[in-house]
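Letter by letter, the chains look like this.
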Amino acid sequence: MNNGHSQPNMLNGQRPVSDDINFSDDDMPLSQTVRRDATSKPARNLKRKKPVYAESSSDDDTPLASSPAKANKLNGRAKKNSDTAESDSSTARDASNGRRQNGQSVKPPPKKKVKEEDSSDEDKPLAPQKRVSAKKRKLKEDSDSGDENPVKPTPKARRKKVKEEEEPVTESSSKKTKKRSVTAKTEEDEKKGKKAAKEEEKEDVFRWWDHDSEMMGDGSVKWTTLEHNGVYFPPPYEPLPSNVKMKYNGKAVDLPPESEEVAGFYAALLETDHAKDETFQKNFFDDFKTVLKNHPPRNGIKIVDLAQCDFRPMYEHFEAEKAKKKAMSSEEKKAAKKVKDEMEAKYTTCLLDGRKEKVGNFRVEPPGLFRGRGEHPKKGALKLRVRPEDITINIGKDAPVPVPNMPGQWKAVQHDNTVTWLANWTENINGNHKYVFLAAGSSLKGQSDMQKFEKARELKNHVDRIRQNYTQDLKSKVMADRQRATTMYFIDKLALRAGNEKGEDEADTVGCCSLRCEHVTLEAPHWIIFDFLGKDSIRYYNRVQVDPQVYKNIRIFKDNKNDDDNLFDRVTTTTLNKHLTNEMKGLTAKVFRTFNASITFQRLLDAEDLENATLQEKLNAYNKANREVAILCNHQRAAPKTHDQSMERMRNKHRAFKYERMKLRHALFKIDPKFKKNAKYKEDESDLDDDWIEEHEDSLKAKEIEKAEKKFAKDNEKLKEDGKPEQSSSVLTARLQEIEAEFKSLAKERGTGKALLKRERPVEKIEEAIEKITDKIRDFKLLIADKDAGKEVALGTSKINYLDPRITSAWCKTHDVPIEKLFSKTLQTKFPWAMEVDPSWKF
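Residues numbered from 1 in each chain as written. Predicted model: local features only at pLDDT ≥ 70, side-chain atom pairs only at ≥ 80, totals over all residues. Heavy atoms only, no water.

Visitor: When you look at the packing of aromatic side chains in this model, what are you seeing that I'm missing?
Guide: For any two aromatic rings, the description comes down to two numbers: the centre-to-centre distance and the angle of the planes. Overall, the coordinates contain 22 aromatic pairs when judged by the stated rule. Seen in terms of ring centroids, Y266 and F311 are 5.0 Å apart; in terms of plane orientation they differ by 55 degrees. Their pairing is tilted. Of the two residues, Y266 sits in helix α5 (residues 257-268) while F311 sits in the loop between β4 (309-310) and α7 (312-327), which places them 45 residues apart along the sequence. Residue Y266 is classed as buried on the basis of its relative accessible area, which comes to 0%. Residue F311 is classed as buried on the basis of its relative accessible area, which comes to 0%. Above the face of the W527 ring, R543 is positioned so that its terminal group lies 4.0 Å from the ring centre. Here R593 stacks its cationic end above the ring of Y802, 4.9 Å away from the centre of that ring. (Phe/Tyr/Trp six-rings, centres within 6.5 Å; stacked < 30°, edge-to-face > 60°. Helix = DSSP H or I, 4+ residues; strand = E, 2+ residues; numbered from the N terminus. Buried < 20%, exposed > 50% of the residue type's maximum accessible area, 1.4 Å probe, protein only. Lys NZ or Arg CZ within 6 Å of the ring centre and 35° of its normal.)

As structure tokens, this is what we get:
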């Protein structure tokens, strides 16, 4: 095969990369298997006659997907929109005049719950302004008051003043001084401006959780007025340079832009596992041939075999472009980012009931190849470019209709204030509905999150009765009731997902209700082995001891059935959730899962005695509890490819701390050999052998040399700017000779058990330093153990979706742990309502 990659060699358990929706390592599956034949799929009409638009180079172009938040009508007590926003609104209103649906009734898309991703991290807040000490304030007051006996300046201040008086002021030096002062002032003004903007933004956060509880009800009306600028479409496709062509059977192919773009999608993935996957190859080539029928090569070459295609020239061009971007200076990168941010600025916020709120996923995903999660039968299929004609916009009745940033008219414009999405479209691969929602930290999303966790918390009041009921039904003579009770047992005890029916063109993943007989194995006396692919094709394997009646039921359910028959053939997720709603209003299988995750997490945290624990010991206890919940919920991942290298770096850093302690101990021994008998300093660093020490000291020496060379160059640059003569190379040579001498001394100290520190220190200071480095060594060892224990467990998913954030907030306050150690800025923004909870709060 001459397509720039080797022949595919599929192995059992091969893990493909993520879906077209971006996700972190936390979401990556542990293993997958394929059950159905993935080659068959329904035909799709890929014909497009509109101009071709480009894929954005940004990873941020992938939109999020979310289900509508269940918030109630918001009041209008928030701040009014700014004059700028009003001006933009009026301009948009004039430009979009006549684009409304003239009397035409618009059918809203289905209110489907879909997955949501978190918004990206915001910039960290600026440090608070330093307070002026009372002493300095007094000096300033005395100076300003014109007192005849002002406070004398300090000697340092006097020396500085004399130096300034002695230095002659020339015209050039005056200009430079003035220029520097103007520059410093400009930078200071910019910093003040950024700080003020941050403080203003912080003040503008709508504290909905402080308002009436009616705001957080589950009423039908979610907003009164809604105004936004629609969605941001990726830029149009830019054809490749004329000298970059894919080849077919050794000959360059002159492709028109429409088909060249699709070829580029595959070329960009040439060195990934996708391009080596047979299903991915087949689906891509089927769709590529369909595109070629409508947009054939200009030089008449017929492309009929993927093996004859060579995408290497395109791949190399893309790699060269990546290298150019990486080589850009920081100023160039900042300028490019500024242009991008300015283009997207108006799409990032909307006006909700007169308040400015952030939009979470305003970018429309660019066209590309569907990657899927796990062994998805449609991976490699072509994702078509989304156009205005595909999108339904949802705005207030009196709001101006936004104008798309690419040619076209919206599919529909509606004014439904019972939903919280701003835009909606249907993607062509699986027919899923995509939604644009407000950002994770918005009032509507925050209210939805709080309602979700409050609903799970409410289950505490009903769970004993529900468990008693399903335990009785385990022996029911009605087979449907017995099966339903058994599924409830698994959902409650094992936190299994309910599961939905899958079509032939979807990945073969199952949940509790859709388990087949082949997924469950009985083992006497009362053990059950589960082995199936769950959500995102993550393998669920669990050997668990169950209630004897449950064991008996499973044996009955499996009687006279084939391996591919449904185990619970009389239960569906619909009938199960309907029954759960009768047990408690609003109860679903997911509420059970959230309840069990949060209640287990609270119990595990409370079980730890952390009275005299260090900060790292507290963090390890928290992460241990989080891991147990993640395992309960089957939030697994494959160990990152760089895990081993990362662990080795951490172990080397741990040894480096030990090396520091060793040198301090040896310095004590040189001062007084009696310290060798002290139990605190007797233990040797056994894992520091001579070879490692020599390698470490060589590494330290190289760093010192590099540091000296950089300092020499920087000092000369500064001198040149100030118009002063530069240092001669002898200054650097002298410093390098000092470093050489220093490390020769270190080499002589090896094996002697004695050391000489760079600068003399009292014995007390050395002992204090040894104590500090010992604490650091202990904490770092705990950190290494914690990182290694979590290599195959995804902690983020449970934090975001299943653990009530108030548990973490209250625990941090109780144990004096900074929330930043456990919640990223994204999570703090997502859960502002949880950050102010009382320390005594319990789930």
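Next comes the rest of the description.
Visitor: Any chance you could explain the pairing of strand β12 (residues 433-436) here in plain terms?
Guide: Side chains on a regular strand alternate between the two faces of the sheet. Along β12, one buried face is formed by H433 and Y435 and the opposite face, lined by K434 and V436, is buried too. Judged from the four bridges that link them, strand β11 (residues 423-426) and β12 form a sheet pairing that is antiparallel. Across the sheet, A423 pairs through a bridge with V436, a residue of β12. In sequence, β11 turns back onto β12 through a hairpin of six residues, with G431 there showing a positive phi of about 70 degrees. (Pairing = 2+ DSSP bridges.)

Visitor: Any chance you could explain the sheet that holds strand β1 (residues 226-227) here in plain terms?
Guide: Within a beta sheet, neighbouring strands are joined by backbone hydrogen bonds and run either parallel or antiparallel to one another. Pairing within the open sheet is antiparallel, and its three strands lie in the order β1-β5-β6. Edge positions in the open sheet fall to β1 and β6 (355-358), since each of these has one partner strand only. Examined bridge by bridge, β1 and strand β5 (residues 349-352) share two bridges and lie antiparallel to one another. Bridge pairing links E227 to L351 in β5.

Visitor: I'm lost on the side chain of S809 in this one. Help?
Guide: Relative to the helices and strands, S809 resides in helix α22 (residues 805-814). Judged by relative accessible area, S809 falls into the buried class, the value being 3%.

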